[in-house]
Amino acid sequence: MSDAPVYHNSIGGEWLPAADGRISENRDPANGELVGIFPRSGQAEVDRAVAAARQAFDGWRLTPAPKRGEILFRVGELLRERKEDIARQMTREMGKVLVETRGDVQEGIDMAYYMAGEGRRLFGSVVPAELPNKAALAMRDPLGVVACVTPWNFPMAIPSWKVMAALIAGNTVVLKPATDTPLSSLKLVEAFIDAGLPLGVLNLVCGTGDEVGMPLVRHPDVAGISFTGSNDVGRAVNIAAAERLKRVTLELGGKNAIIVMDDADLDLAVEGIVWSAFGTAGQRCTACSRLIAQRGVRAELEQRLAERVSRLRLGHGLDAGTDVGPLINASQRDRVHGYMAVAREEGAHVLVGGEIPTEGDLAKGSFYPPTILTGVTPHMRVAQEEIFGPVLSVIEVATLAEAIAVNNDTRYGLSSAIFTRDVNAAQIAMRDLSTGIVYINAGTIGAEIQLPFGGTRGTGNGHREAGLGALEFFTEWKAIYIDYSGRLQRAQIDS
Ligand code: NAD
């Protein structure tokens, strides 16, 4: 028998195992150690959680939004107190280094405070009516029960973005965390319970995408689905949700690029590239996977990057000297490694990295070294497909116009960046880079929660998370006309 902690779903305020007793193991990707045992839930738990959320809906909808905000504020305070503990547990279940898991929890804290404030705003609009003695206004209503389905790479930040926006708007929620990272979501739900959230308003159901995710998407009492994950699953979710014309927000993949112009500050650019390409072992939707370098600096950049990258240390994310942790699991590592053969077949070269570590402690985990591919051209598969690992492809271009065209020519449109000292080039880039997020003289990662987050083209379906835009998804507009003339007034007819 293992002495690993056993965790349960949170449904209607009760901690419950799967009714049929099935479990799944949550393991540390750096060494295979068992982190915890979680329920492997199914339709029965989904039905129960949706029913609990439905039952809680009226009470929560009618709770004044400023009071809802006070609970969110308390969640922010609790997460702040628990930040170090949660971050350490997150590194064990997910692999990324401690400084990054602290940042992941910090996003949850930031979002809690931000959405708590929205409890005192949730702006609608009051506009003039066209007839006398008549008022016209628009207010927001919650959707009802919403499902939040989340990936493993930001185990607390992404659930927080979704759940906090949904709750402040008056919805009740069923959260389905990624199968690889249920513990961080459970810690988030615990903070809500301890902050006094009424029972059933937020429910957690752990399990796989097929057994929990899809039944949630199809459930007739789920009004909206907020999904972050891969393009294939996002498409399947959208198609299934369309059967009942449900509202869906999709945040999907990326193929993000950093452009470096000849006039750039190369020291700064190298730091930005290394952080964006190899932070979280490249497993961020905004990770930089293409370096678009102008001809005059391409060779020097490659040389400096190779030198810098070969000094990055792989290891357990809790060890102080570690720069890059493991990938989420062995199959993801093997998938990433598969791209080395693809790159070579298409004529690219591996400048550094490109081999699975086979010795010492690294052999016990799903590690992959930071890797740079050179001689890449814009339409090679490694320049077009999301690899989701620590692999950077270098593409040479001659001009700003070519750099922008290469950046924009993928099926994704999440994040892009340019390093230049030329103010005109920066302005043109801001105007013409067709991604949802653009950075000037910074890498492709590091979004702040008060701005809209999301992408164009295949990165999503046009919605944005974070910022005020998040409330657009989680609310319906209701237009209200108040006639105080005491007579029948006909719009468009009576003048
Ligand atoms: P994934 O699509 O495999 O899983 C995402 C979630 O969907 C998980 O909870 C999973 O269990 C669930 N799921 C799987 N199959 C399902 C199904 N048939 N029906 C319903 N739910 C199902 O993605 P992942 O591997 O966890 O995450 C990596 C992907 O997420 C990458 O493509 C990355 O770019 C993307 N991502 C995007 C953003 C963004 O905001 N654009 C942020 C982070 C990650």
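Relevant structure appears above.
Here the structure is a predicted model, which means the values were calculated and not measured.

Thresholds, definitions, all that
- Residues numbered from 1 in each chain as written.
- Predicted model: local features only at pLDDT ≥ 70, side-chain atom pairs only at ≥ 80, totals over all residues.
- Heavy atoms only, no water.
- Helix = DSSP H or I, 4+ residues; strand = E, 2+ residues; numbered from the N terminus.
- Rg over C-alpha atoms; globule rule 2.2 N^0.38 Å.
- Contact = heavy atoms within 4.5 Å.
- Lys, Arg positive; Asp, Glu negative; His and termini not counted.
- Charge placed at Lys NZ, Arg CZ, Asp CG, Glu CD.
- Pairing = 2+ DSSP bridges.
- Axes fitted to C-alpha atoms, helices over the stretch in contact; angles between N-to-C directions.
- Salt bridge = Lys/Arg side-chain N within 4 Å of Asp/Glu carboxyl O.
- Buried < 20%, exposed > 50% of the residue type's maximum accessible area, 1.4 Å probe, protein only.
- Polar contact = N/O pair within 3.5 Å; in protein donor to acceptor, adjacent residues only side chain to side chain.
- Parallel < 35°, antiparallel > 145°, perpendicular 65-115°, else oblique.
- Left-handed = near helix turned anticlockwise from the far one by under 90°.
- Nonpolar A, V, L, I, M, F, W, Y, C, P; charged D, E, K, R; others polar.
- Core = buried A, V, L, I, M, F, W, Y, C linked by side-chain atoms within 4.5 Å.
- Phe/Tyr/Trp six-rings, centres within 6.5 Å; stacked < 30°, edge-to-face > 60°.
- Lys NZ or Arg CZ within 6 Å of the ring centre and 35° of its normal.

So, the overall build of the protein chain
1) Next: In terms of helices and strands, the protein chain carries 14 helices and 21 strands.
2) Next: Here the C-alpha atoms of the protein chain give a radius of gyration of 24 Å, agreeing with the 23 Å that 2.2 N^0.38 yields for 495 residues.
3) Next: Each of the three principal axes of the protein chain carries a C-alpha extent, and together these read 80 × 70 × 40 Å.
4) Next: A separation threshold of at least 6 residues defines the contact pool for the protein chain, and within that pool the share at least 24 residues apart is 74%.
5) Next: Of note, the protein chain has its 50 positive side-chain charges centred 4 Å away from the centre of its 60 negative side-chain charges.

Re the sheet that holds strand β14 (residues 349-352)
1) Next: If you walk across this open sheet you meet the seven strands as β14-β15-β16-β13-β12-β18-β19, and the pairing is mixed. Across the chains shown, the open sheet's two edge strands, defined by having one partner strand only, are β14 and β19 (437-440). Going from strand to strand, the sheet's axes swing by 25 degrees on average, the running direction of each strand aside.
2) Next: Relative to strand β15 (residues 371-376), β14 is paired through three bridges, and the arrangement is antiparallel. Bridging from a neighbouring strand, Val352 pairs with Ile372 of β15.
3) Next: Sitting on the sheet, helix α9 (residues 295-309) touches β12 (256-260), β13 (288-294), β14, β15 and β16 (391-397), and the angle it makes with β13 is about 140 degrees.

Quick look at the pattern of salt bridges
1) Next: Across all of its chains, the model carries 37 salt bridges by this definition.
2) Next: The shortest N-O distance in the salt bridge between Asp221 and Arg54 comes to 3.4 Å. Taken together, the residues span a long stretch of sequence, with Asp221 in the loop between α6 (209-218) and β10 (224-228) and Arg54 in helix α1 (residues 43-61) at a distance of 167 residues.
3) Next: Classification of Asp221 by relative accessible area gives partly exposed; the value is 31%.

Comments concerning the side chain of Lys246
1) Next: Relative to the elements of secondary structure, Lys246 occurs in the loop between α7 (231-242) and β11 (247-251).
2) Next: Although Lys246 is buried, it forms no salt bridge, and the closest oppositely charged side chain is Asp221 at an N-O distance of 8.3 Å.
3) Next: Among the polar contacts listed, one links the side chain of Lys246 to the backbone oxygen of Val222, at a separation of 3.2 Å.
4) Next: Non-local contacts of Lys246, meaning those with residues more than four positions away in its chain, are made with Leu216, Val217, Arg218, His219, Pro220, Val222, Ala223, Ile225 and Ala241.

Focus: the packing of helix α8 (residues 266-278) against α9
1) Next: Closest axis-to-axis distance for the α8/α9 pair is 10 Å, and the angle between their directions is 55 degrees. On the basis of their axis angle, the class for α8 and α9 is oblique. Taken as a pair, α8 and α9 cross one another with a handedness that is right-handed. Here Leu266, Asp267, Val270, Glu271, Ile273, Val274 and Phe278 of α8 lie close against α9, whose contacting residues are Val297, Glu300, Leu301, Arg304, Leu305, Arg308 and Val309.
2) Next: Considering only residue class, the contact of α8 with α9 consists of nine nonpolar, no polar and five charged.

A closer look at the nonpolar core
1) Next: Ranked by size, the top nonpolar core spans 119 residues in total, and within it Met115, Met164, Phe192 and Val260 carry the most contacts.
2) Next: Ala53, Leu216, Val222 and Leu250 belong to the second largest nonpolar core, which has 25 residues in total.

What to know about the packing of aromatic side chains
1) Next: What the rule picks out here adds up to five aromatic pairs.
2) Next: Considering the side-chain rings of Trp152 and Phe388, the 5.6 Å spacing of their centres and the 75 degrees angle between planes classify their relative orientation as edge-to-face. Here the residue Trp152 occupies a position in the loop between β7 (145-149) and α4 (157-168), and Phe388 occupies one in the loop between α11 (381-384) and β16, the gap between them amounting to 236 residues. Phe388 shares its class with Trp152; the two are buried.
3) Next: Taken together, a centroid distance of 4.9 Å and an interplanar angle of 80 degrees make the contact between Phe473 and Phe474 edge-to-face.
4) Next: You can call Phe474 buried: its relative accessible area is 2%.
5) Next: One cation-aromatic arrangement involves Lys96 over Phe154; the distance from NZ or CZ to the ring centre is 3.9 Å.
6) Next: Directly above the aromatic system of Trp275 lies the positively charged group of Arg284, at a separation of 5.4 Å from the ring centroid.

Shape descriptors only; they carry no functional weight alone.
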